[in-house]
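Architecture and fold: a report
In case you want the letters, here they are:
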Amino acid sequence: MSDRDRRSDGSRSLPDRLEGRLLTLLAVATSATLVVAFYYPVATVLIEAVRVDGGVSLGAFAEILRDPFYFGEAARLFAGESPTAVARDLVSPDRRLGIVGFTAYQAALSTVASVALGLPAAYLLARFEFPGRRTIRSLTIVPFVLPSIMVAVGFVATFGRNGTLNAVLGALGLPAVDLLFTLEAIVIAHAFYNAPLVARVTTAAWESVDAGAVETARSLGAGPVRAFVDVVAPQVYPAVLTGAALTFVFTFGTFPIVLALGGFQLATVEVFVYRLVRDLSYAEAAALAIIELVISLGVLLAYLRYEAQSAVRSRGARPLPRKPLLPSTPTVREWVSRVGLAAYVAVAAVVFLAPIASMILASVTGGDGALTLEHYRFLAARQRTAAAFQVRPWPAIRNSLGFAVGATLLALPMGVVVAVLTTRRYRGRKLVDAAAMAPLAVSGIVVGLGLLRGLVFGVEVAGWRVTASGAVAIVVAHAVAGYPFVVRTVAPGLEALDRSLVESARALGASRARALRDVELPLVWPAVVAGAAFAFAISIGEFTATVVLATGADAYTMPIAIERFIGRRLGPATAMGVVLLVVTGCSFVVIERLGGESRGL
Amino acid sequence: MGSEESHAPVAVELDGVTKRYGDTAAVDDVSLRVREGEFFTLVGPSGCGKTTTLRLIAGFEAPTEGAIRFGGDSVAGVPPEARDVGVVFQNYALFPHMTVGENVGYGLNFADPPGGVTRGERVAELLELVDLPDAADRDPESLSGGQKQRVAMARAIAPGPDVLLLDEPMSALDARLRERLRVQVKAIQSELGITTVYVTHDQEEALAISDRVAVMSGGTPEQVAPPRTVYREPATRFVAEFVGDNNVFTGRVVGASGTADAEGERGGDGAVDGETGALDDGARDGNETAIEVDGERFRVGLGDRDARTSPGPGDRITVCVRPEHLRIGGGRNRITATVANAEFLGETTRMTLDWGGREIVIRARDPLSGEVAVGFDPADAHVIGVESE
């Protein structure tokens, strides 16, 4: 039987041993990339905030905390005033919230709006059967791949003074409204982004409720409402809370939408950090960014603690049966619910479709209201005649595509390796997961600023001056922003794979890396491709870090170009937005075709 | 007891192996030796540590303490792919994205086919061996459970492993198919002479298929012995009750084996007189003793226990009697009990009797009811353990 030599570690050949260690090598490379591209740059920014004249001081924090400009009435609390006096002023009508207070306020409003808009969608998707249900369910992924600056253009085209909303109102003989640069516009735009997220996680939870549990409750004497309250709601509402917590964190750190729709008069923390960076007040910017980070992480941690306590994710053996949307002989109650749903669908159609439709419409509408291609022609002409300081369309498109390809090539292996590492069982796995997911929580401005000052301006390493070009820094920043999405699409697939498949391959002689290549990756391939499409789309749409890094004329991307156009020429901005829409639309098709539907986020 | 009949070299040895997860030991100080060509089975209820033991041998888990040796060499730190083991899982774990032929040939990416044949020949040879000669191009998902199990077996054997590890490979199949397949598995194992470690919770399967069986409980083997020994001479109460139906009694020794001296020690005990006749029997074959269980007296055989290991008067003793040895209206030790429950199983009827609050299991051809007299012969009682006073 022993005709095959047993290979002990010592006698294995070098390539064998390298292959055995391949996963370790990749893990080390991924960690190194994260340190260079994320932890080190972010650390330099954070250190900046506490370093004063060579010493360490928390003065910058104290100043911000006590400044009513940032914390409104609450700042007086930090300054030592009595809480009762502060509380009295906070409830008075002319209270000041400060920038941080306003940011939290708009995030809270946005969260409420997103949940309100998302829950009926979840109800519709989880409990009803109708043509196109699957398509709409998979369309809820769209916000993740839509560049926020493009959404902002869509909202300007909808709610602006000459936008479609006013055109419709005018046609109906109603007075025009100007929603642009108002809180309402920001909240609606945030709902556009986050309501599908709420709908998505809630639908998934609702679908995993076991019909048997509801039937048991009914057989034990609970009526339909009672069964919903006692059995369905407890399983669905943690998902709603997940959606709400994520929405709050995302909207608390919002940047491009507020920059485009609110300007500096409705600035959130992130926008103001950007302004401070532009004004070269790095220390204050860093301190403010840290305060923002602490608040975001605080909300996330509080939520995660809650989730850990109440994690009862049961895999529904048999999901609740879906009801037909149009019953053959509807009862009064069914009529009421159908009318309610119809009203909801109308509102949702306006919120979700109007911005995109308006943007496309605006891109082919001239100043006189007639159809025209003049905005696209403007882009072509600008390409030929632009002055050195002006944005040319073609390099923006070329850069966007190039950066996206580069970022995807970097993010994909990083994401796969982290997905493998976080789906294996070992002590400290949660820590690895948290460290690898940190880029999701840290503001893009901070990452961009750190890369700018840490790598682009150069850093001294053992006597060598290491510098990276802006383009390289942008690719790296995009990869860091995009790879968590690769992890989030690939990891659930790996998690769901039967462990004995890998073990069989290993017992048959495959190394860990070889088993990954031969067995795991082929089986989760759709998720890998979907993850790649995610990374590509995130890179294409990334604005925050790019706007900080795109200093030279050589490194601007489509979103940056749109931002430059948006204030002055809405037409070309919408035309550029349409180009961006086409490119991200293509990556969405890839995600959709390759089964991103049921995976991850 | 547990004598190792084979004297072939040791293929796999576990030496004081412990595996802890946090504070609980899944495998607790296990020492086992599996000889070359042996069919060795780990059997026990779920959670007894049998699968963990198999995973330790395969290298999927590392022991917390102790050493595992293959052919005398420690395999500590050797990854599964370098151990030359073949593993078959309960769910077969066929690679769904490969054909049956690709599955069987997968291990040949990392080792040359044994016997100097080509890869294709080896795959064909193995599919032939498991009786699926035309399945090479089929999709694993199109196979039945039994066919998948055979493909998994062929895949594990293809690279010519030193040790075959089977983790409940038949649990997912229906009873009839399981019986047919285990004959086939045993035949293949004998034909190849491959050292095999088999994990199952099914004691009947373990008895049917193995050269030796380790009955495990609480992470430790309670007995390691050939199937017949495990069945007839269970070493512990757990083994007696886990392997097959059994009636276990605990009582006190009231007479010693054979001699009048031993009886004399009992002194003025009024029971002595009544025992005299039986004592003579004991004296005749010299290998019996009298015990008292709940006031009832039995004579039980002591097997080949010598004077040193034989129980003395007053010792606590545990004995077992198989249902098939309890005969209605027969046997030298008799009791009268009431039928509490009868299950007609076809060839026999399994009945539970109530004997003064104790449960006794017997087998008979036809169901009975009411009071029955049952008995057993001393030689059919097996002494599991003795505790001296």
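What you see is a predicted model, and the numbers here were worked out from it, not measured in a lab.

Brief notes about the interface of chain B and chain A
The interface of chain B with chain A comprises 39 residues on the first partner and 28 residues on the second. Approximately 2900 Å² of surface area, both sides summed, lies buried where chain B meets chain A, with 52% of it carried by carbon and sulfur atoms. When the buried surface of chain B facing chain A is broken down by residue, E81, D84 and F110 of chain B rank first, second and third, together holding 23% of it. R506 of chain A is the partner of E81 of chain B in a salt bridge, and the nearest nitrogen-oxygen pair spans 2.5 Å. If you look at where chain B meets chain A, you find seven residue pairs in polar contact (both at pLDDT 80 or more). The set of elements that each furnish at least two residues to the side of chain B that touches chain A consists of β6 (85-88) and α4 (145-157) of chain B. A class-by-class count of the residues in the side of chain B that touches chain A yields 23 nonpolar, eight polar and eight charged.

Details of a nonpolar patch on the surface
Residues and elements named next belong to chain A. A contiguous nonpolar surface patch, about 320 Å² in accessible area, is contributed by V35, V36, Y39 and Y40. Note that Y40 resides in helix α2 (residues 22-50). You can call Y40 partly exposed: its relative accessible area is 33%.

Things to note about the pairing of strand β16 (residues 333-344) of chain B
Residues and elements named next belong to chain B. Alignment of β16 against strand β19 (residues 371-376), held across six bridges, turns out to be antiparallel. Counted as the bridge partner of N333 is F376 from β19. As paired strands, β16 and strand β17 (residues 349-355) are joined by six bridges and run antiparallel to one another. What sits directly across from N341, in β17, is T352. Linking β16 to β17, which pair antiparallel, is a turn of four residues; within it G346 sits at a positive phi near 105 degrees.

Let's talk about the pattern of salt bridges
Across all of its chains, the model carries 31 salt bridges over all chains by this definition. Across the pair E292 of chain B and R297 of chain B runs a salt bridge whose closest N-O atoms are separated by 3.5 Å. Using a relative accessible area of 31% as the deciding quantity, one classes E292 of chain B as partly exposed. Looking at R297 of chain B, the relative accessible area reads 25%, which means it is partly exposed. Shared partners join several salt bridges into a network, and the residues in it are E129, R133, R137, E207 and R322 of chain A.

Digging into the sheet that holds strand β5 (residues 73-74) of chain B
All names here are of chain B. As summarised here, the arrangement of the four strands in space is β2-β1-β4-β5, forming an open sheet in which the pairing is antiparallel. Of all strands in the sheet, those bounded by a partner on one side alone are β2 (24-35) and β5. Bridge count between strand β4 (residues 65-70) and β5: two bridges; the pairing is antiparallel. What sits directly across from F70, in β5, is D73. The strands that helix α1 (residues 50-58) touches are β1 (10-21), β2 and β4; relative to β1, the one it contacts most, it runs at about 120 degrees.

The rules we used
- Residues numbered from 1 in each chain as written.
- Chains lettered and ligands numbered in written order.
- Predicted model: local features only at pLDDT ≥ 70, side-chain atom pairs only at ≥ 80, totals over all residues.
- Heavy atoms only, no water.
- Contact = heavy atoms within 4.5 Å.
- Buried area = accessible area lost by both parts, 1.4 Å probe.
- Salt bridge = Lys/Arg side-chain N within 4 Å of Asp/Glu carboxyl O.
- Polar contact = N/O pair within 3.5 Å; in protein donor to acceptor, adjacent residues only side chain to side chain.
- Helix = DSSP H or I, 4+ residues; strand = E, 2+ residues; numbered from the N terminus.
- Nonpolar A, V, L, I, M, F, W, Y, C, P; charged D, E, K, R; others polar.
- Patch = residues over 30% accessible without salt bridge, like charges linked within 9 Å, V, L, I, M, F, W, Y side chains within 5 Å.
- Areas by Shrake-Rupley, 256 points an atom, 1.4 Å probe, with all protein chains shown as cover.
- Buried < 20%, exposed > 50% of the residue type's maximum accessible area, 1.4 Å probe, protein only.
- Pairing = 2+ DSSP bridges.
- Axes fitted to C-alpha atoms, helices over the stretch in contact; angles between N-to-C directions.

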